[in-house]
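One letter stands for each residue in the lines below.
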Amino acid sequence: MTAEIGSLTKRNHGLGEGMVGDAGGLDSWARAQLSNLYGLFVLSMMMFDSRDSAKILALAATSVSSLGPCASDMTYLMVDGELVRTPSDQPAGPELDRIVSELDDHDSAVTLADGKWRWAFLLRGLSGVTGCLIVVALQEPTVDEFFLLKTLCQQTSAALANAALHRREYEQRVELRRSNDERATVNAQLTKTVSRLRQQQQVHDVLTQVTALGAGEPGLAHALCDLTGLPVAIEDRFGNLRAWAGAGRPDPYPKMSARRQEDLLRRAARLTRPLRERDRLISLVKPHHEVLGVVALIDPDKTARDHEIFTLEYGTTVLALELAHQRNLAEVELRLHRDLVDDLVLGTDNESAYARADALGHDLRAPHHVVVVQWHGVQADQAVSDLTARAMAELEWKALCSRRSGVVVMLVQGEPDGAALFDVMARELGADTGVIAIGGRSVTPDELPRSFTEAMRTLRIRQTSHAPNGVASFDQLGLYRILGTGNSRADVEAFVREWLGGLIDYDDSRAADMVHTLSQFLECGGNYDRTATALFIHRSTLRYRLGRIRKITGFDLGDVETRLNVHVATRAWQVLQGQPWEERR
Amino acid sequence: MIATFDGVSLDVHAHLCVFHHGHAERDSLLVPFLRDGLRRGEACRYFAPEGELDDALSSLDGPDPLLVVHEPKGGHLRGDTLDSDAMLADLDDWAARTGTICRVAGDMGWVEGFLQPGGKMDALFQHELNAEMWARTRPVYVLCFYDLGVFGGDVVVAMVKAHSQIWMGGVLIQNPYHQRTSV
C-alpha cells in the first residue's frame, strides 16, 4: 500500500502524469499542496467529529500514506501515564516500544536496525502527551511532505484533545446526571421522610392531647380511628370490649374462648410488630411484662400500611403508659388506704386520722361503721378484696378498705346497706358462703376500734350460728351482744355449766351431739320436722335423742322458765364454742 | 432545473464526494436525491453494492424506465480491474441517449475489494479525476458515496483531492483546489 500511495503522492507532487496546473494562476505544485491541505482539512473535520481516541488515531494513521512517501509504522495512546500500542494487535516492536517509552517531550527521529527512516510525532494535548505516531519511509520525505505529516499530527493532537474534552464533559455530564439523580432520590427520600415525620408528629400531637384531656380508652379509640380511618377496638386481656370507635361494631361483641385468647396473646407477645389475625391488626397493651389489654385495628381489606401500623403502636404505647400510671396510682392509693384503715381500727388520735383521711379525699368527720367481710369457699383472699372494692364503687359507698388476717375491713361512711353488698358479692363470686358483719356506729375516729371489735364479734357469732351466711349487724345481735362480751365470760360459762353441764359431759364421754341437738330443737321452736331436717337425722332419731336429753337433765321443756334458761344457755354455749377472734389472738 | 441534495442546491456538472456513516445515512441521502430526479423526469443511474439491487429498486419504487441500477459484478467492475474508460464511455453513451439531465450515484463500497489485493489507489484516484472531467461534459450530477466505516484516511484524503465538492456531516464543502486530469 505504501508504495502505491508513494507513487500517487509523487504524481501529485510532480503533477507530470495526468494532472494539469491551475487555470487560476496557481502552479501545479501549489495546487497539489493546497489540495493535500484541503484533504487534511476534511480529515481534520472527521477527526473532530469523533469522540473515540482510537478511531481518531486510526484515521490519522491510515491518512499518512496519502500525504507522501511515508506510512504509519506504529501508533500509541497514553493510558494511565504510559504510551500503549493502540490498536494492540499491531505487529510487536519491543525495541520501538522501548524507544517510545524513553522519548522526551520532543518529536524525534527513530533509528532501528532495518535502517529505514522513521520519525516519532508526539501528540500533545492540554495535559501533556496523549499519543504518538511513528511514521516510516524508505527515504526521508521532502520538507513539504514532512510539513503535511506535521500538520496531520497537529490536527490529530487537537482532535484527541477535543475528544478528551468531550469525554470529560460527557463524564461530567454523566456524573452531574448521576449526582442530580442521587439528589433527586435523596430529595424524594427526604420528602417521604418529612411527610412521614409530619404524620407521626400529628399522631403524637393527637394522642398526647387525648392523654392530657384524660379522654381514657374511648377517647384513644376515637383518636386512633380518626388517624387511621379504620375502626378500632380496645379489649381487656380476656377479650372483653372496653372501647370501640368507627363503624361496624358487632353486637353482641364476639369473645373467643379463654384458651384461644391466651394463644392469641402468646403469639402477639412473640412479635415486635402488631400481629395480623384475620381481619384485625393486634397490638398488645403491655407495660413491662404484664398484658393489660389489646388494641385492634379492624382492617378486613388489609389496607393498613406503615402509617397505620405506627399509629397503632403509638396508641398502644400511650395506652400502656396510661394504664400503668393508673395502676401505680391505684396501688399507692390502695396502700395508703390500707395503712390508714389499719391504724384506725387499732386506734389513733382524731386529728391525725382526719388529716390523713383528708389527704386521701375521704371525710372521716361523718359517722362511720366498720364492716368486715369474709367468704368461705373462695380460693384467693385477694379476689374477695378486689371484688369488695369494686362492689363498693358500684354501690357508690364512701369507704376506706383494707384486709387483715383473712377478712376485708371497710370503714363506711353513713349507714351501710349490707344486704346490697352481700348480693353483689354473692353474684360476682358465684357463692353465698360469706358473712358481712357491720360494727356499731362511730362518730369520731377514736371510736372505730370499738366498731371494728363489734364487727368482728358479729362476724364470728354469725359464722357459728345456725345460719352462718349473710349479713349481720352488731346493733341487731340482741342477746348475743351480752353473751359475747369478754368481761362476763366466767359468769356465762358458769351459767352454761349450770344448765347444760350434764349434756356437755355426756357428749364429751360418748362423742355424742346432745347439746347441739337440744340447741337446734329450741332454735326451731320445738318443731320436730324442722329440727330433724336441720340436723340431717331421722325424726325417730330426734325423738330418741330428746328422750335421752330429758332423762339426763330431767328438764321439763314445757315449763316456760326452764325453757328460757335452757335456750339462753344453748346460745351462750354457741358463743363460747365460737371462740371470738380477738381472744384467739 | 437545479437539483438539491440534503437541502443544498447542486449545480449541473456537480461531482460530489459524500462521506457517510453506514447504509442508513447513505439511503437517507441517496433515495430522496434519485426519487426527486425521477419525479422530475430525469434519468437516474445507481451503482449499488453487491446484493442490494432489489432493495435499491424497491426503495426507489422501481423498476422505472428512467432508472438503471447496477451491481459491481458483471457491471462496472470486471474481475479485479477497474476499467475507468469503459465505464465512463458507457455512462456517456447512456447520458447521450436519455436526452435529459442525468443523476448518477455510486456506493463506492465496491472499491474496497478492488483496492485490497494490491493497493490500487492510483487507479481509483485517476478514475475519480476522469469522472470529474466527464461530469463537466454532460448535464449530469454525479455523487460518489464513501462509507467512513469502510474506508480509512488514505481514501478520504485522496478522494477529497479528486472531487470539487465534498459533503460531510451535513456540510457541503467546495474544493477549488481539487486535482484535475489532463484528459
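To be clear, the structure that these remarks concern was listed above.
Now for a look at the structure at hand.

Rules and cut-offs
Residues numbered from 1 in each chain as written. Chains lettered and ligands numbered in written order. Predicted model: local features only at pLDDT ≥ 70, side-chain atom pairs only at ≥ 80, totals over all residues. Helix = DSSP H or I, 4+ residues; strand = E, 2+ residues; numbered from the N terminus. Buried ≥ 20, exposed ≤ 12 C-beta atoms within 10 Å, placed from the backbone. Contact = placed C-beta atoms within 7 Å. Pairing = 2+ DSSP bridges. Axes fitted to C-alpha atoms, helices over the stretch in contact; angles between N-to-C directions. Core = buried A, V, L, I, M, F, W, Y, C linked by C-beta atoms within 7 Å.

Tallying secondary structure elements over chain B gives six helices and eleven strands in all. Among the 183 residues that make up chain B, the fraction classed as buried is 46%. For chain B, contacts bridging at least 24 residues in sequence account for 71% of all contacts bridging at least 6.

A few words on the sheet that holds strand 11 (residues 368-375) of chain A. Residue and element names in this part refer to chain A. Here we have five strands laid out as an open sheet, ordered 12-13-11-14-15, and mixed in their pairing. Lying at the two open borders of the sheet, with one neighbouring strand each, are strand 12 (399-404) and strand 15 (470-473). With strand direction ignored, the average angle separating the axes of adjacent strands in the sheet is 20°. Two elements, strand 12 and strand 13 (residues 407-413), share six bridges in a ladder whose sense is antiparallel. Note on strand 13: the bridge partner recorded for Leu400 is Leu411. Where helix 8 (residues 306-346) meets the sheet, it contacts strand 11, strand 12 and strand 13, and its direction lies at approximately 80° from that of strand 12. Helix-sheet contacts for helix 12 (residues 448-463) involve strand 11, strand 13, strand 14 (434-442) and strand 15, and the interaxial angle to strand 14 is about 150°.

Before going further, it helps to spend a moment on unusual backbone geometry. Residues and elements named next belong to chain A. Each neighbour pair has its own omega, and for Thr86 with Pro87 the value is 0°, a cis peptide bond. With respect to the helices, strands and loops of the structure, Pro87 is situated in the loop between strand 2 (82-85) and helix 4 (94-101). The omega angle of the peptide bond from Asp251 to Pro252 is 5°, so this bond is cis rather than trans. Structurally, the position occupied by Pro252 is in the loop between strand 7 (241-245) and helix 7 (258-270). A positive phi angle, near 55°, is found at Asp80, a position not held by glycine. Here Asp80 shows up in the loop between strand 1 (71-79) and strand 2.

Further remarks concern the interface of chain A and chain B. The interface of chain A with chain B comprises 29 residues on the first partner and 26 residues on the second. Elements that contribute at least two residues to the side of chain A that touches chain B include exactly helix 1 (2-14), helix 2 (28-49) and helix 3 (53-63) of chain A. The element best represented in the side of chain A that touches chain B is helix 2 of chain A, accounting for twelve residues.

So, on to the pairing of strand 2 of chain A. Residues and elements named next belong to chain A. The pairing of strand 1 with strand 2 spans four bridges and is antiparallel. Within the sheet, the bridge partner assigned to Leu77 lies in strand 2 and is Val84. A loop of two residues connects strand 1 with strand 2, the two strands running antiparallel in sequence, and Asp80 in this loop sits at a positive phi of about 55°.

A separate point is the nonpolar core. Ranked by internal contacts, the top residues of the largest apolar core, which has 94 residues, are Phe121 and Val135 of chain A together with Tyr146 of chain B. Every residue in contact with Phe121 of chain A, bar those within four places of it in the chain, is listed here: Asp107, Cys132, Leu133, Val135, Leu149 and Cys153 of chain A. Counting 39 residues, the second largest nonpolar core, distinct from the first, contains Leu340, Val345, Val373 and Met410 of chain A.

In short, geometric facts, not functional conclusions.
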